[in-house]
Amino acid sequence: MVSIRNVVPAAALIVSSILFASALSTPPVVLRRTNRIHIACSVVPKAMESTISMSKRKKNRKKRNQQLRKEQQQSSSASSSSYYKSHYNFSNEREDVDEWLIRSTALILGEDETQQEEECSLKSGLPSQCASMQEYLYHARSVMKAWTHWNSRNTLGYRRDARLTVEVIFKRVLYVITHEETTTADAAEISELRPMLVSLVNIIIDAWANGNDVNEEAVAHTEGWLHFLQTGEMMDEIEEEKSLVVIGPDEESYRGVVKAYIRTQKRIYLEKALTLLEEMSSSSNHPNTIYPSTLTYNLVLYGLANAQPSSKKNAEIAENLLQKKMISSSEGEDCVPDSNSFRQVISAWTKTGSRYAIEKTDEILNQILNDFPNIDPDASTFNAIMTLNLRLGRVEDAISVFNKMVAMHESGRIGTQPDIYSVNLLLKAMTRQRQHNQRQNLNEADDLVKTMEDTYHVHPDVQSFNIVIDAWSKSKLPEAVSRAERLLDVMERRCRDDSLAAKPDSYTFTSVLDSIARSEHSFHRAEKVFHRIEKLFQDGIVERPTIPVYNAYLNALVSSGDVDVLDRVESIFANMITERNANIRSYNTMLKAYSQFRSGRNGYFSRPLKAEELLTQMEEHSGIPYPDGYSYTTVINCFARSIVDRKAKKARQILDKMIQSYAAGNTAAKPQIYAFNGVLSASAHTHHTRFPEERLEAFTILVSTFLLLREWTEPNDSTYILFFQACERLLPKGHRLYEQ
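Treat the numbers as computed from the prediction; the structure is a model and nothing was measured. (Residues numbered from 1 in each chain as written. Predicted model: local features only at pLDDT ≥ 70, side-chain atom pairs only at ≥ 80, totals over all residues. Heavy atoms only, no water.)

Trainee: Would you explain helix 28 (residues 647-663) in this entry?
Mentor: Note that an α-helix has 3.6 residues per turn; residues three or four places apart therefore point the same way. Taking 1.5 Å of rise per residue, 17 residues should cover 24 Å, and helix 28 covers 24 Å from first to last C-alpha, within 8% of that figure. For helix 28, the complete set of buried residues consists of Lys 647, Ala 648, Ala 651, Arg 652, Ile 654, Leu 655, Met 658, Ile 659 and Ser 661. Looking at the buried positions of helix 28, the neighbouring elements they touch are helix 26 (608-620), helix 27 (629-640), helix 29 (673-684) and helix 30 (692-712). Gly 665 sits one or two residues past helix 28 and shows a positive phi near 115 degrees. (Helix = DSSP H or I, 4+ residues; strand = E, 2+ residues; numbered from the N terminus. Expected span 1.5 Å × (residues − 1). Buried < 20%, exposed > 50% of the residue type's maximum accessible area, 1.4 Å probe, protein only. Contact = heavy atoms within 4.5 Å.)

Trainee: Help me understand the packing of helix 8 (residues 216-231) against helix 9 (residues 251-263) in this model?
Mentor: Two quantities define a packed helix pair, namely the angle between the axes and the distance from one axis to the other. Running from N to C, helix 8 and helix 9 point in directions that differ by 160 degrees, and their axes come no closer than 9 Å. As judged from the angle between their axes, helix 8 and helix 9 are roughly antiparallel. Here helix 8 runs over helix 9; the crossing is left-handed. Contact residues: Val 219, Thr 222, Glu 223, Leu 226, Leu 229 and Gln 230 in helix 8; Ser 253, Tyr 254, Val 257, Ala 260 and Tyr 261 in helix 9. For the contact of helix 8 with helix 9, a count of residues per class yields seven nonpolar, three polar and one charged. (Axes fitted to C-alpha atoms, helices over the stretch in contact; angles between N-to-C directions. Parallel < 35°, antiparallel > 145°, perpendicular 65-115°, else oblique. Left-handed = near helix turned anticlockwise from the far one by under 90°. Nonpolar A, V, L, I, M, F, W, Y, C, P; charged D, E, K, R; others polar.)

Trainee: Just to check I follow, could you spell out unusual backbone geometry for this structure?
Mentor: As a rule of thumb, non-glycine residues mostly have phi less than zero, and peptide bonds are mostly trans rather than cis. In this structure, Pro 309 follows Gln 308 across a cis peptide bond, with omega equal to -5 degrees. Assignment of secondary structure puts Pro 309 in the loop between helix 11 (294-306) and helix 12 (312-327). Positive phi values are uncommon outside glycine, yet Gln 265 reaches one of about 60 degrees. Locating Gln 265 in the fold gives a position in the loop between helix 9 and helix 10 (267-281). Taking relative accessible area as the criterion, Gln 265 reaches 74% and is therefore assigned exposed. For Arg 580, which is not glycine, the phi dihedral falls at a positive 55 degrees. Within the secondary structure layout, Arg 580 lies in the loop between helix 24 (565-578) and helix 25 (584-595). Take Arg 580: its relative accessible area is 72%, and that puts it in the exposed class.

Trainee: I keep staring at the packing of aromatic side chains and nothing clicks. Help me out?
Mentor: Aromatic rings in a pair are described by how distant their centres are and how their planes are angled relative to each other. Applying the stated criterion to the full structure yields 14 aromatic pairs. Each ring, one from Tyr 261 and one from Tyr 269, has its centre 5.9 Å from the other, and the planes form 10 degrees; the classification is stacked. Just as Tyr 261 is buried, Tyr 269 falls in that class too. Considering the side-chain rings of Phe 723 and Phe 724, the 5.8 Å spacing of their centres and the 75 degrees angle between planes classify their relative orientation as edge-to-face. Under the relative-accessibility criterion, Phe 723 is labelled buried at 16%. By relative accessible area, Phe 724 is classed as exposed at 54%. Grouped by ring-pair contacts, the aromatic residues Phe 706, Tyr 720, Phe 723 and Phe 724 constitute a single cluster. (Phe/Tyr/Trp six-rings, centres within 6.5 Å; stacked < 30°, edge-to-face > 60°.)

Laid out in structure tokens, this is it:
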């Protein structure tokens, strides 16, 4: 454990650090009289004053004084400790809480806040506000809970300092117990105080175990305080300053240390948690055997279920703990498994991702249904099993699990009611069923998302709509676009009628635009949807369109194939560059537009020079995305589809630049089979030229590219088709190579 002497009082604005700094020159257990204790009653209020509005501070003080006077009038004799009646369930206003903690901690530490700085002193016994040791311990526990409670909820709180502060408070409590004149501090007296002292140490252990940054330091503190409970010795204690008699830990003490182990999310501490479970059953430092409770077992099961990487071994250990230590054990009612116990074991199996896991999860689920009629597996348990089935492609089994959950709920097991995540998994399963019933499956999913409130008593969220819209978008059905837009209509209507309804997000809009891109609709339909998105944003219903939405819009315009769309695409792309909203996909979509440009009656020609110019900008200019494999391949195909002269040579030059970029460290530009096939296609379509030397050049490029391809990847069917097609077109009939 970290000694008090090692804490540096640098952060004067941190309340708990300043309180802790007051004990810098004192031993770990015994706090002696020191001038530094004056900081707690003089510097702390001044430091906190900078963070508290003076007008609001006076208003809160006036309100608090009125409340105190009201309590005093209602009571015939005001208690000397009436200040503590507020306990720690107070208003969440930061200035009230900070001031309460400062004053309360000062009183527990024995400081008299009514004295001036030069008169402030550390009293050697009970504070004057406490009539008995039990009352003093009760107040100490209230303040310690207040520190941990407030700092765990307040985003501006200083968690580490709250932990150190509760340690200082407890050490002050030990000092008061050992130096109070009315307390003999013998074994009989200490035995009466033991439950309260254990609860104070448990607060410290929980404070370290419940932080956001549970690391090796936090684990060391929890282990140190458990050691103190077991032996009466502190880890940083000097030899001549032994503590009280052995207090002895309880089950909650062990549970706090186990929680710290689990929250580190490290394998070594998970092993320690498993070892500590065995130690609890064989503890010799406590007069009574301490058995792990269900909560403690569930913590370890949670650690096994979420350990990285997931493994079959973790799942087997978790199931062994459940079956042999909890179900078959004779340790009493405290270790009876609950729904969380079964859920963690099922989760451990599902995260292995194996088909054997499905058998185990079905076995455990049937065990709950048959042997534990009083335990209702919750929706999370069924959701984990459904997720595993979907991951393994067992769509029908996922639907069967959902139907079993619904049947259990209808039979009276209330805890098995499906939640929104369950219904969303059902929607995913419905949209992934067999293709020959695709239209029927999508229609059923479409109806469910509109009626789930009446059917399963859950409100659809944005994911519910996105699942069905995305399924319509990826289908090749002719009504896909209209059905996706119709669901968007439903979302918009609900949002305008109810501000709490699910609002369309970027995924919703991109799915609708992608459905248009996959269809044969004109670009006017994509523009209509995008203008609708802008109107929703102007009305304050949705967020500003994101880069993926703009990219989907560009892609829908490009995929329409209309002659007049290129100018519109270039205009939108230029605006995206100006606003710094363009990413690599934006540039690739623009390259795709140049590659698929239609011109004239005779066909489908591209604009390779513009595509090459944009590719050069991506290579040479900083601040814009560097080209990837798709960028180079698109420009190669752009030349292959063009009618420019010597396009085979230019396509090969782009391929060579791609190889050089990859060799220079651009791993995203690794040449794939499609880039080589693009050069072969450019060679095969050079046969229209009037110049024989260009045909010869194209044939030479064809052969050299084919040989180069074999160094990078394996040729596919298209490779051979393009190669033989080019040979047939480029070589004159009767030529020796043509005949071969």
